[in-house]
Amino acid sequence: MSSSKDADPSLGYLTRKDTEVKLPRPTRVKNKTPAPIQITAEQILREARERQEAEIRPPKQKITDPTELGEYRLRKRKEFEDLIRRVRWNIGVWIKYAQWEESQKDFKRARSVWERALEVDYKNHTLWLKYAEVEMKNKFINHARNVWDRAVTLLPRVDQLWYKYIHMEEMLGNVAGARQVFERWMKWTPDQQGWLSYIKFELRYNEIERARGIFERFVECHPRVGAWIRYAKFEMKNGEVVRSRNVYERAVDKLSDDEEAEQLFVAFAEFEERCKETERARAIYKFALDHIPKGRAEDLYRKFVAFEKQYGDREGIEDAIVGKRRFQYEDEVKKNPLNYDSWFDYIRLEESVGDKERIREVYERAIANVPPAEEKRYWQRYIYLWINYALYEELDAGDMERTRDVYKECLNQIPHQKFSFAKIWLLAAQFEIRQLNLRAARQILGNAIGKAPKDKIFKKYIEIELQLGNIDRCRKLYEKYLEWSPENCYAWSKYAELERSLSETDRARAIFELAIAQPALDMPELLWKAYINFETAEGEFERARALYERLLDRTKHLKVWISYAEFEATAMAMDNLDLTEEEQKKQCIQSARSMGIQCCALMLGV
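Residues numbered from 1 in each chain as written. Predicted model: local features only at pLDDT ≥ 70, side-chain atom pairs only at ≥ 80, totals over all residues. Heavy atoms only, no water.

Caption draft 1: The packing of helix H13 (residues 225-237) against helix H15 (residues 261-274), seen in detail. Running from N to C, H13 and H15 point in directions that differ by 15°, and their axes come no closer than 9 Å. As the angle between them shows, H13 and H15 are arranged roughly parallel. Between H13 and H15 the crossing geometry is left-handed. Where H13 abuts H15, its residues Val-225, Ile-229 and Met-236 lie against Ala-261, Gln-263, Leu-264, Ala-267 and Phe-271. When the residues that make up the contact of H13 with H15 are grouped by side-chain class, the tally is seven nonpolar, one polar and no charged. (Axes fitted to C-alpha atoms, helices over the stretch in contact; angles between N-to-C directions. Helix = DSSP H or I, 4+ residues; strand = E, 2+ residues; numbered from the N terminus. Parallel < 35°, antiparallel > 145°, perpendicular 65-115°, else oblique. Left-handed = near helix turned anticlockwise from the far one by under 90°. Contact = heavy atoms within 4.5 Å. Nonpolar A, V, L, I, M, F, W, Y, C, P; charged D, E, K, R; others polar.)

As C-alpha cells, then:
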C-alpha cells in the first residue's frame, strides 16, 4: 500500500526509490605501492596494433576472355545505374560513370552518360569542362569543339569555358577560329581580364592594329581609369607619343570626375614629364588639383610638390604653399567633419583665392555634414554655413538662382517639427523681396507661419505688408498671430494701434476688449495701460475711468491707484477748461487727494 501511495504519475507511477541511479561501490585498493614493471601508453598502443587482424580484401579478379569482360562490364554498369537512380543529383557519380566508360574505350556510351548528366544539371560548368577534356584527350577535336560551343552558348558568363575553348583552338593553330571565339565572347562584355587576354592574343601574333581596335572597344565597355592608362601605355610602348597623348586627353574629358581620377592625372603628368613637356605636366597637375576633391588627392599633391621642387619657380612654390594649407584643412575636416570652425577656416582660404567652383565645392561638402542629433544647440553653428553660402552666392557670385536653391534646400533640411530658425525664413523672404518677387516672399513667410510660427516671423511679415499698404493682409496676420499666441499682449496692443492709426476706433476698442477678456496674458499691466491711454487720447474720459474701475476690481495694486489719481487730475483739468488756471489747479489737487484718500482707506481696511 505504501508503495502505491508513493507512486508518482510524472515518473510513470514509479517511486522515487525505483528511479534512483545506484552507482557501484568503489573498490578499495589494498596495495597502493607501484608495480615493479611499469607499462606505458606507447606499449599498449603497439601491442594493440600487433594484435590487429589484417583487413579482409576481396580477391583480385583477372579477366581472361571476352565473356568474363562482358559480365564484368554488365555488372559495373548495373552498379552505376542503380547508384544513379538513388542519387541522381550527385554529379560526382555521373563523372565516375562517364570516366569508367572512357577507360573501357566505349566512347559512345561515355558520351551518352555525359549527355544524361547534362540533362540533370547543365548549369554545372565542371561537367562541361570534364566532358570537353575527355574529348580532347582522346583527340576527338570536332566533338570537343561541339561541346565547347554548346557550353559557351548556355553559360556565357563562365569565363573558364571561354578560356579553355580559345586555348584549344590556339593549340591547334586555328588562330582565326580562336579570334572568332574571342569576338563571340566580347559580345557578352566580359570583365577587364577577358579583354586583356584578347589583346595579348593579338599581340602574340604582332597584330598591332587589331589590338588597337580592341583597346578602343575595351575602354568603351569598361570606361575606367585603369583601362585608359593601359591603352595609353600600349601606345607609348609602340612609340606612338601623339596617340598616347590623345588617349590621355580623351580619358580626362570622360573621367575627370571619377573617384580614381587621381591615378589618371598622375599617369598623364608623368607621361608628359618623360616627354620633357614640363609646362604641360604643370598644367595637368594644376587642373587636377582644381577638380579632384582634396580628400582623394594626397598622392597627387605629393607628386606636384616634388615636381615644383624640381622644375618650379617662385610662383609655383607659392601655389604649392596654398596647396599645403588646403591639404591641412582637408586633413582636419576628414578627422572631424562636424568641426564647423575648420570648415569656416577652409572656406575663408578658398574665398581668398577666389575660385568660385572650388568655393562652392567646399560649401557643398561642409553643409553635407548634418548634425547627428535633432537638437537646436547642435544646429546653431551649422546653420551659419548655409547663411554664409547663400550670402556668398548672392553678393559675391551674383547667382540668384543658386541663392534661391540654397535657401530652399536649407529650409528643407531643418526639422521644423522639433525646432526652427526664424533667421533663415526671414533671410529667404528678404532675398525674394530684393529680387522684386513679392509672391515668393509671401509664400516663404506663409510656410514659416504654418510650419514654425515665431514672434519674429509674424512681426516682420506684418511690417512688410504694412509698408506695402496691405491693411487686410495685416489684419489677417494679426488674427493668425493671436490665434497662435492669444496671451501675447504685445500683439494685441499693436493690432489695436494699427486700427487706431486707420481711425477705426470701434475696431480698436473691440480688440482691446477681446484682449482684456483673455484668461491668461503675459503682461496684462501693459495691455490695460495701452487701453486706458487709447481712451484718454480719444478724449473718452468716462470710458477711461470705467476701465480704471474695472481694473481695480481685478487688482488693488498701489501703482494702479497712483495712475488712477494722476489720470483724474489730468481729466479734471481737461473737463474744466473754462475755469482759470488757479481754479483748475485746485480742482486737480482736490481730485487727486480724493483718490489718495480712497486708496489709503482701502489699504488700511477702514
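Caption draft 2: Structural context of the pattern of salt bridges. Under the criterion given, the structure shown has 38 salt bridges. A salt bridge links Arg-116 to Glu-81; the shortest N-O distance between them is 3.0 Å. You can see Arg-116 sitting in helix H6 (residues 107-120) and its partner Glu-81 sitting in helix H4 (residues 66-86), a full 35 residues away along the chain. Note that Arg-360 and Glu-393 form a salt bridge whose closest N and O atoms lie 2.8 Å from each other. Of the two residues, Arg-360 sits in helix H20 (residues 356-367) while Glu-393 sits in helix H22 (residues 383-397), which places them 33 residues apart along the sequence. Taking the relative accessible area as the measure of exposure, Arg-360 reaches 11% and is therefore buried. Residue Glu-393 is classed as buried on the basis of its relative accessible area of 0%. (Salt bridge = Lys/Arg side-chain N within 4 Å of Asp/Glu carboxyl O. Buried < 20%, exposed > 50% of the residue type's maximum accessible area, 1.4 Å probe, protein only.)

Caption draft 3: Quick peek at unusual backbone geometry. Unlike most non-glycine residues, Lys-276 shows phi in positive territory, near 65°. Along the chain, Lys-276 turns up in the loop between H15 and helix H16 (278-291). Unlike most non-glycine residues, Leu-436 shows phi in positive territory, near 60°. Note on placement: Leu-436 falls in the loop between helix H24 (422-434) and helix H25 (438-451). Since its relative accessible area comes to 78%, Leu-436 is described here as exposed.

Caption draft 4: Region of the structure containing a positive patch on the surface. Taken together, Lys-200, Arg-230, Lys-233 and Arg-274 make up a surface patch of like positive charges. As for its position among the elements, Lys-200 is in helix H11 (residues 192-204). (Patch = residues over 30% accessible without salt bridge, like charges linked within 9 Å, V, L, I, M, F, W, Y side chains within 5 Å. Areas by Shrake-Rupley, 256 points an atom, 1.4 Å probe, with all protein chains shown as cover. Lys, Arg positive; Asp, Glu negative; His and termini not counted. Charge placed at Lys NZ, Arg CZ, Asp CG, Glu CD.)

Caption draft 5: Structural context of helix H7 (residues 125-137). Here H7 is 13 residues long and its end C-alpha atoms lie 18 Å apart, about the 18 Å a rise of 1.5 Å per residue gives. The set of residues buried in H7 consists of Leu-127, Trp-128, Leu-129, Tyr-131, Ala-132, Val-134 and Glu-135. Its buried side turned inward, H7 meets helix H5 (91-103), H6, helix H8 (141-154) and helix H9 (159-171). With a side-chain oxygen lying 3.0 Å from the backbone nitrogen of Thr-126, the N-terminal cap of H7 falls on Asn-124. The positive-phi residue at the C-terminal boundary of H7 is Lys-139, with phi of around 65°. (Expected span 1.5 Å × (residues − 1). Polar contact = N/O pair within 3.5 Å; in protein donor to acceptor, adjacent residues only side chain to side chain.)

Caption draft 6: View of empty space enclosed by the protein. All told, the structure shown has one cavity of 30 Å³ or more when counted by the stated rule. Forming the boundary of the largest cavity are Phe-107, Ala-110, Arg-111, Trp-114, Tyr-131, Val-134 and Glu-135. For the lining of the largest cavity, the elements supplying multiple residues, two or more each, are H6 and H7. The dominant element in the lining of the largest cavity, judged by the number of residues it contributes, is H6, at four residues. Here the residues of the lining of the largest cavity are counted per class, giving five nonpolar, no polar and two charged. (1 Å grid on protein atoms, 1.4 Å probe; cavity = no way out; pocket = protein on both sides within 12 Å on 5 of 7 lines; lining within 4 Å. Points joined across faces, edges and corners; volume = space filled by probe spheres on them.)

Caption draft 7: Structural view of the packing of aromatic side chains. What the rule picks out here adds up to 26 aromatic pairs. Judged by centre distance (6.0 Å) and plane angle (45°), the ring pair of Phe-80 and Trp-100 falls under tilted. On the criterion of sequence distance, the pair formed by Phe-80 in helix H4 and Trp-100 in helix H5 is long-range, its members being 20 residues apart. Trp-100 sits in the buried class, given a relative accessible area of 10%. Members of the aromatic cluster, each reached through a chain of ring pairs, are Trp-162, Tyr-163, Phe-182, Trp-185, Tyr-198, Phe-201 and Tyr-205. Positioned above the aromatic ring of Phe-140, the side-chain terminus of Arg-111 is 4.8 Å from the ring centre. (Phe/Tyr/Trp six-rings, centres within 6.5 Å; stacked < 30°, edge-to-face > 60°. Lys NZ or Arg CZ within 6 Å of the ring centre and 35° of its normal.)

Caption draft 8: Broad picture of the nonpolar core. Counting residues in hydrophobic clusters, the biggest one holds 75 residues, and the most contacted among them are Leu-161, Tyr-248, Leu-264, Phe-265 and Leu-300. Listed in part, the 52 residues of the second largest apolar core include Ile-359, Val-362, Ala-390 and Ala-428. (Core = buried A, V, L, I, M, F, W, Y, C linked by side-chain atoms within 4.5 Å.)

Caption draft 9: Region of the structure containing the environment of Ile-433. Tracing the backbone shows Ile-433 in helix H24. Judged by its relative accessible area of 29%, Ile-433 falls in the partly exposed class. Not counting chain neighbours up to four residues away, the residues in contact with Ile-433 comprise Ala-441 and Ile-464.

Caption draft 10: Broad picture of the packing of H4 against H5. Direction vectors running N to C along H4 and H5 enclose 165°, while the axes themselves pass 10 Å from each other. In terms of orientation, H4 and H5 fall into the roughly antiparallel class. Crossing of H4 over H5 shows left-handed handedness. Residue-level inspection shows Tyr-72, Arg-73, Lys-76, Arg-77, Phe-80, Glu-81, Leu-83 and Ile-84 of H4 in contact with H5, the latter providing Val-93, Trp-94, Lys-96, Tyr-97, Trp-100 and Glu-101.

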